[in-house]
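Structure assessment
Spelled out from the first residue to the last, the chains are:
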Amino acid sequence: MSAGATDATAARLARRARLAGLYAITPECAQTPRLCDAVAAALRGGARAIQYRAKLASPALQREQAAAVGDVCRAHGALFIVNDDAGLAVEVSADGVHVGRDDGDVAAARARVGADALVGASAYDDPRRARDLVAQGADYVAFGSLFPSAVKPRAVR
């Protein structure tokens, strides 16, 4: 393994070690300042990681918001994850990307974000899927939704 690969792996493992505690997911919000205020409040309230998730925003608004939310996360020493879009995660220097069932596989996301970034994946309600995702190289898996959610009203529980 080259020194560069070793450094990238060490950086990813350090990020993975910081992935503990409350992991918050942003709601849809058309106003970037309001979204950033909500993210800052979540971080002040104890969130250690923020996932930027905006399914309805235009690509331009997604770039604007992701960059702004990333700045807020970095100012608070929190991890910043982009949902679904590995290219956007790279563009805004996110700590990682989170992929769902329809967002491509873990290997493709890893190839896009690089060896030093986190790649998380949704396991929904399926422990077998979770094991498979970890075997594919996911740094973490997410289960849920456990409770009804305004952000994901049709989520598998």
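We now turn to the structure provided with this report. Computed from a predicted model, the values in this text were never measured in an experiment. (Residues numbered from 1 in each chain as written. Predicted model: local features only at pLDDT ≥ 70, side-chain atom pairs only at ≥ 80, totals over all residues. Heavy atoms only, no water.)

**As for the sheet that holds strand 3 (residues 79-83)**
With parallel pairing, the six strands of this open sheet are ordered in space as 1-2-3-4-5-6. Bordering the open sheet on either side are strand 1 (22-25) and strand 6 (140-143), each of which pairs with just one other strand. The average angle at which neighbouring strand axes cross in this sheet is 30 degrees, direction not considered. Relative to strand 5 (residues 118-124), strand 4 (residues 96-99) runs parallel, the two sharing four bridges. Its bridge partner lying in strand 5, His98 is registered against Gly120. With respect to the sheet, helix 5 (residues 106-113) is in contact with strand 4 and strand 5, its orientation differing from that of strand 5 by roughly 160 degrees. Contacting strand 5 and strand 6, helix 6 (residues 127-135) runs over the sheet at an angle of about 165 degrees to strand 5. (Pairing = 2+ DSSP bridges. Helix = DSSP H or I, 4+ residues; strand = E, 2+ residues; numbered from the N terminus. Axes fitted to C-alpha atoms, helices over the stretch in contact; angles between N-to-C directions. Contact = heavy atoms within 4.5 Å.)

**Structural notes on unusual backbone geometry**
Leaving glycine out, the prevailing phi sign among residues is negative, and the prevailing peptide bond configuration is trans. Of note in the backbone geometry, Asp84 takes a positive phi value of approximately 75 degrees without being a glycine. By relative accessible area, which is 22% here, Asp84 ends up partly exposed. Unlike most non-glycine residues, Tyr124 shows phi in positive territory, near 60 degrees. For Tyr124, the position within the fold is in strand 5. (Buried < 20%, exposed > 50% of the residue type's maximum accessible area, 1.4 Å probe, protein only.)

**Considering helix 6**
Inspection of helix 6 places Arg129, Ala130 and Leu133 among the buried residues, and these make up the whole buried set. In an axial view of helix 6, the angular spread of the buried residues amounts to 105 degrees, which keeps them on one side of the axis. Helix 6 presents Arg128, Arg131 and Ala135 as exposed residues on the side facing more than 90 degrees away from its buried surface. The opening residue of helix 6 is Asp126, an N-cap whose side-chain oxygen sits 3.0 Å from the backbone nitrogen of Arg128. (Arc of directions from axis to C-beta. Polar contact = N/O pair within 3.5 Å; in protein donor to acceptor, adjacent residues only side chain to side chain.)

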